[in-house]
Amino acid sequence: MKLMKPLKNNKSVNVNNLVVLIVRCMVCIFFMAMMGCFLGRLIVFFKTNVLLFDWAKDAFYSLKVGASAGALAGVGIWIKAKLQEHKK
């Protein structure tokens, strides 16, 4: 499906975009990992009636996952945008 009036984006892809993408991806993946830990513990709670939730361990785990996956995702998206800009 073709857009009738596509938006014109005159922004160039630069290092500032890279930093913003990495930080946003890290934050999003951190919160998704934190919610995953919490929902997993909640499911176990409903089955066993025992809530074993350690905020420090789960936050540290989510931070590690967010930092590693967020950095990779941010760099990957930035490279894709840079290649598309170079193609034009």
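Residues numbered from 1 in each chain as written. Predicted model: local features only at pLDDT ≥ 70, side-chain atom pairs only at ≥ 80, totals over all residues. Heavy atoms only, no water.

**A look at the overall build of the protein**
Across its full length, the protein carries 2 helices and 0 strands. For the protein, the proportion of its 88 residues judged to be buried stands at 17%. Across the protein, the fraction of contacts at a sequence separation of at least 24, relative to all contacts at a separation of at least 6, is 79%. When the accessible surface of the protein is totalled, it reaches about 7,600 Å², and 71% of it is carbon and sulfur. (Helix = DSSP H or I, 4+ residues; strand = E, 2+ residues; numbered from the N terminus. Buried < 20%, exposed > 50% of the residue type's maximum accessible area, 1.4 Å probe, protein only. Contact = heavy atoms within 4.5 Å. Areas by Shrake-Rupley, 256 points an atom, 1.4 Å probe, with all protein chains shown as cover.)

**A closer look at the side chain of Ser62**
Within the fold, Ser62 resides in helix α2 (residues 55-87). Looking at Ser62, the relative accessible area reads 0%, which means it is buried. Not counting the four nearest positions on each side in its chain, Ser62 is found in contact with Phe30, Ala33, Met34 and Cys37.

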